[in-house]
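Survey of secondary and tertiary structure
Read off the chains here:
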Amino acid sequence: MVSFYSLVVYVLSYIGLFAVSFYAINLLFYYKKEKDEKLSSDKSVTIIIPAYNEEAGIVRTIKSALEIDYPRSKKEIIVVDDGSKDKTYELALRYKSKKNNVRVFTKKNGGKASALNFGIEKARGEIIITMDADSFVKKDSLKRMIPFFEDKRVMCVSPSMAVYKPRGLWNRIVQIEYFVGVFLRKSFATINAIHVTPGAFSSYKKEFFLKHEGFQVGNITEDLELALRIQSHGYRIENSPKSVAYTFSPEKFKDLLYQRRRWYIGLARNLWNYKRLFGFKRGPLGYLVLPIAVVSIFASVFLTIYMTSKGVFHLWNELLDLGSVNFKFNNYFEFNGFLFERLFFSLFSKPIFLISVLFICLLVFYVYFAKRQMLYEEEIRINLVFFVLFYALLFSFWWVVSFIYLIFNKKVAWRAPDGV
Amino acid sequence: MVFKLKTESIIFRFVVAFLIATFLFLFLFFVSYFISYSNYNIIKNQGNIINISISEIELLGNISSCEPDVLLIASDKLDISSSRLRLLEEEFGKTDVRVLEQKKIYSNLMFKHFLLVKKENLYCEQGFATIIFFYSNIGELEKESERMGFILSRFKANYPNKVMIYSFDYDLDYDIINKLKEEYSINSAPLVLINEGLLLYVGNIDDLENIVFEANKQ
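Residues numbered from 1 in each chain as written. Chains lettered and ligands numbered in written order. Predicted model: local features only at pLDDT ≥ 70, side-chain atom pairs only at ≥ 80, totals over all residues. Heavy atoms only, no water.

The next thing to look at is the overall build of chain A. Regarding its fold elements, chain A presents 14 helices and eight strands. For chain A, whose C-alpha radius of gyration is 24 Å, the value lies close to the compact-globule estimate of 22 Å for 420 residues. In terms of principal-axis extent, the alpha carbons of chain A reach across some 80 × 45 × 45 Å. Within chain A, the fraction of its 420 residues that count as buried is 56%. Taking as baseline every contact in chain A between residues at least 6 positions apart, the subset at least 24 positions apart corresponds to 81%. About 19200 Å² of surface is accessible on chain A, with carbon and sulfur atoms providing 62% of the total. The distance from the centre of the 59 positive side-chain charges to the centre of the 37 negative ones in chain A is 4 Å. (Helix = DSSP H or I, 4+ residues; strand = E, 2+ residues; numbered from the N terminus. Rg over C-alpha atoms; globule rule 2.2 N^0.38 Å. Buried < 20%, exposed > 50% of the residue type's maximum accessible area, 1.4 Å probe, protein only. Contact = heavy atoms within 4.5 Å. Areas by Shrake-Rupley, 256 points an atom, 1.4 Å probe, with all protein chains shown as cover. Lys, Arg positive; Asp, Glu negative; His and termini not counted. Charge placed at Lys NZ, Arg CZ, Asp CG, Glu CD.)

Let's shift gears to the interface of chain A and chain B. Each side of the interface is counted separately: chain A has 45 residues, and chain B has 41 residues. Across the chain A to chain B interface the summed buried area is about 3900 Å²; carbon plus sulfur atoms make up 70%. Counting across the chain A and chain B interface gives one salt bridge. For the interface between chain A and chain B, the tally reads four residue pairs in polar contact (both at pLDDT 80 or more). (Buried area = accessible area lost by both parts, 1.4 Å probe. Salt bridge = Lys/Arg side-chain N within 4 Å of Asp/Glu carboxyl O. Polar contact = N/O pair within 3.5 Å; in protein donor to acceptor, adjacent residues only side chain to side chain.)

All names here are of chain A. Burial analysis of helix H9 (residues 222–232) places 11 of its 11 residues in the buried class, which makes it a mostly covered element. All of the buried residues in H9 are Glu222, Asp223, Leu224, Glu225, Leu226, Ala227, Leu228, Arg229, Ile230, Gln231 and Ser232. Of the residues flanking the end of H9, it is glycine 234, one or two places downstream, whose phi is positive at about 80°.

By the secondary structure assignment, tyrosine 123 of chain B is in helix H4 (residues 97–123). Residues tyrosine 123 of chain B and cysteine 66 of chain B, 57 residues apart in the sequence, show an inter-C-alpha distance of 8.1 Å.

Here the focus is the side chain of lysine 43 of chain A. All names here are of chain A. One can find lysine 43 in the loop between helix H2 (33–37) and strand E1 (45–51). Of the side chains bearing the opposite charge, glutamate 126 lies closest to the buried lysine 43, which forms no salt bridge; the N-O distance is 4.5 Å. The residues touching lysine 43, leaving out its near neighbours within four places in the chain, are Tyr70, Lys74, Glu126, Ile127, Ile146 and Phe149.

It is worth spelling out the sheet that holds strand E3 (residues 191–194) of chain B at this point. Residues and elements named next belong to chain B. Read across the sheet, four strands follow the order E2-E1-E3-E4 without closing on themselves; strand pairing throughout is mixed. Each end of this open sheet is capped by a strand with a single partner; those strands are strand E2 (163–169) and strand E4 (198–200). Looking at each pair of strands side by side, their axes are set apart by 20° on average, direction ignored. Strands strand E1 (129–135) and E2 of the sheet are contacted by H4, whose axis makes an angle of about 145° with E2. The strands touched by helix H5 (residues 140–158) within the sheet are E1, E2 and E3, with E1 carrying the most contacts at an inclination of about 160°. (Pairing = 2+ DSSP bridges. Axes fitted to C-alpha atoms, helices over the stretch in contact; angles between N-to-C directions.)

A few words now on the sheet that holds strand E4 (residues 127–130) of chain A. Residue and element names in this part refer to chain A. Spatially, eight strands are ordered E3-E2-E1-E4-E7-E6-E8-E5 in an open sheet, and the strand pairing comes out mixed. At either end of the open sheet lies a strand with only one pairing partner, and these are strand E3 (102–106) and strand E5 (135–137). Neighbour-to-neighbour, the strand axes of the sheet open up by a mean angle of 30°, direction not taken into account. Across eight bridges, the pairing between strand E6 (residues 154–163) and strand E8 (residues 236–247) is parallel. From the neighbouring strand, serine 158 faces E8, where its bridge partner is asparagine 239.

Next up on the list: helix H5 (residues 112–122) of chain A. Residues and elements named next belong to chain A. Extensive coverage of H5 is indicated by the burial of eight of its 11 residues. Of all the residues in H5, the buried ones are Lys112, Ala113, Ser114, Ala115, Leu116, Asn117, Gly119 and Ile120. Where the residues of H5 are buried, they touch E1, strand E2 (75–81), E4, helix H8 (206–212) and H9.

A general tendency of soluble globular proteins is for nonpolar side chains to be buried together. Ranked by internal contacts, the top residues of the largest apolar core, which has 127 residues, are Ile47, Ile49, Ile58, Leu142, Phe201 and Ile230 of chain A. Here isoleucine 230 of chain A is in contact with Met155, Cys156, Tyr204, Phe208, Tyr235, Arg236 and Ile237 of chain A, once residues within four sequence places are set aside. Grouped together as the second largest cluster of nonpolar side chains are 28 residues, Leu71, Phe128, Ile177 and Tyr184 of chain B included. (Core = buried A, V, L, I, M, F, W, Y, C linked by side-chain atoms within 4.5 Å.)

The next point concerns the confidence of the model for chain A. For chain A, per-residue confidence averages 88 on the pLDDT scale, and residues scoring 70 or more make up 91% of the total. Note on residues 416–420 of chain A: pLDDT under 50 across the span, and nine contacts to partners over four residues away in sequence or across chains. (pLDDT = per-residue confidence, 0-100.)

Now for the environment of isoleucine 205 of chain B. All names here are of chain B. Among the structural elements, isoleucine 205 can be located in helix H7 (residues 205–217). Sequence separation of isoleucine 205 and proline 190 is 15 residues, and the distance between their C-alpha atoms is 15 Å. Beyond its immediate sequence surroundings of up to four residues, isoleucine 205 is in contact with Ile151, Arg154, Phe155 and Asn158.

Before going further, it helps to examine the packing of aromatic side chains. With the rule as written, the count across this model stands at 56 aromatic pairs over all chains. Taken together, the ring pairs in this structure connect Tyr264, Phe298, Phe387, Tyr391, Phe395, Trp398, Trp399 and Phe403 of chain A into an aromatic cluster. In this structure, lysine 275 of chain A packs its charged tip against the face of tryptophan 272 of chain A, placed 4.3 Å from the ring centre. Lying over the aromatic face of tyrosine 40 of chain B, arginine 98 of chain B brings its terminal NZ or CZ to 5.7 Å of the ring centre. (Phe/Tyr/Trp six-rings, centres within 6.5 Å; stacked < 30°, edge-to-face > 60°. Lys NZ or Arg CZ within 6 Å of the ring centre and 35° of its normal.)

What follows deals with the pairing of E1 of chain B. In terms of residue burial, E1 of chain B counts as a mostly covered element, since seven of its seven residues are buried. Side-chain alternation along E1 of chain B places Ala129, Ile131, Phe133 and Tyr135 of chain B on one buried face and Thr130, Ile132 and Phe134 of chain B on a second face that is also buried.

The next point concerns the pattern of salt bridges. Any two side chains of opposite charge can pair if their charged atoms end up close together. Residues and elements named next belong to chain B. This model, assessed by the stated rule, comprises 21 salt bridges over all chains. Among the salt bridges present, the one from lysine 103 reaches glutamate 89, with a minimum N-O distance of 3.1 Å. Residue lysine 103 is located in helix H4, and its partner glutamate 89 is located in helix H3 (residues 68–92); the two are separated by 14 residues in the primary sequence. The same class applies to lysine 103 as to glutamate 89, namely buried.

Attention now moves to unusual backbone geometry. A cis amide bond links alanine 189 of chain B with the next residue in sequence, proline 190 of chain B, at an omega value of 0°. You can see proline 190 of chain B is positioned in the loop between helix H6 (175–183) and E3. Phi at asparagine 101 of chain A takes a positive value of approximately 60°, unusual for a residue other than glycine. One non-glycine residue with positive phi stands out, namely serine 185 of chain B, at about 50°. Residue placement: serine 185 of chain B occurs in the loop between H6 and E3. Given the relative accessible area of 47%, serine 185 of chain B is considered partly exposed.

Let's shift gears to the side chain of arginine 144 of chain A. All names here are of chain A. Assignment of secondary structure puts arginine 144 in helix H6 (residues 141–145). We classify arginine 144 as buried; its relative accessible area is 11%. Side chain to side chain, arginine 144 and aspartate 140 meet in a polar contact 3.1 Å long.

Structure (structure tokens):
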């Protein structure tokens, strides 16, 4: 008889299969490719770079903004130093230029949202682009985003995110996670269900800020809040996968944990604040994408803990079993045939194992699809292996930590004590 | 101004996604069952391997050789058959007719091996310790049996050339098992019969070690 837990696992797997099938259908048959191929520069734009203690990356980011292929007369760059304690402001000032439309401001520290709002107030462009001070973009990214704004309902266009030259295990895993994000955002765009817009290079119509206020000061994931606000007002968020923004992901486990804790707690709080987005009134976002996003969090934590413990238990039993037939890895070569036979039948006779293999195949498809869209050329196979092996465990761990912080209502700042 | 998708388009996508997901889900269940069934067929057709073992054992019974290696090789083959049987139990369940059918063949084989070891101990003074393990798959007894099986597996791994362990399903209605139960007055499970004399509930590997080798000295 099937146990209760097995039943839950299979129900969740079925929901997962339904969701990934739906997202793949959206992308393969409903995404209008020609939109993404069009280039335009008919709107004036302002790139806002908020910076706090970013002396290490600010010059590269300003240079990247300057190099973006867009008519100089229609492109303005505003650097807002948010009361940095290092040389961020001094370094940025070197690039202040009337010729290049670069303006540099400094203000009292008030957080990223306040710096962005400060920049929006000063901005002269119709389109506002937020650019993190530790990121840079492909030169044609902006021209690819602008055509999407021809649709009056579109208030935001999100880019593709990529980890720049991933180093170490954690970077490599995050790189694949970003590829999956590229695929999903593109799929969500076909049903107007994008609910997360990266802070690194998202673009917004300025009129939205004038009508519905700027970034929410004090919110630890202000970009996420803004995306949900745009959705709550019934506008569209588009996606331009070929507009690629490169960012640096934390290399240390502790730093990555701080980042994820902030993101996940921010996601949970903002979803709670925008719970009105759930339901049939808001279309697929409300009755499918957001509920599945929430279910997938709990499901991932449950499935990871359940499957890992069961897997370890199963492995232990297998070793015992092999022990009972006196199997020794070094000596009994004639037993290897039996080992493979047993391993094959033991794994492939279990539906959940086959479903997991299918999910891995879909993941590979998602990732390579995204990679092709982004014209990414570097080799990622080993990173995919790391992702398959460790991501579920990491994701669950990050969420368990975030749940603990949420339950005990612990305060989470935008920046960790050491500045992550 | 609220963005709305055409309802027909969404319903169509849902229907297609539902069909794909359902097809994949059922297909994978079918594939897993097919693989389990293939495993059963292999084991069934391995009547060959089992038959070879039986004939080997019977042949050994007819010759007066005191060479222990042949017995140990046969014992290894039995262990592999037992491992395959456990996999079959996992796939189809412990009460499945196909599993029970294979279990009877396996029990028969073990019994023959047991008789041979007895004979070798008597005429060739091989000194093999024999342990007959009666286990049960019913209710709480299953877990107790698994725990005892775990200790016995460990014990066998420690003394692969000195100890012969034979596991029989206490609840299986089969002549050989009924005969053993009657002959050695086995009324419950899990229980082990050491060297055909001592009945024991094994709770600890050290106790088992002391008892088995003490009993063997006597």
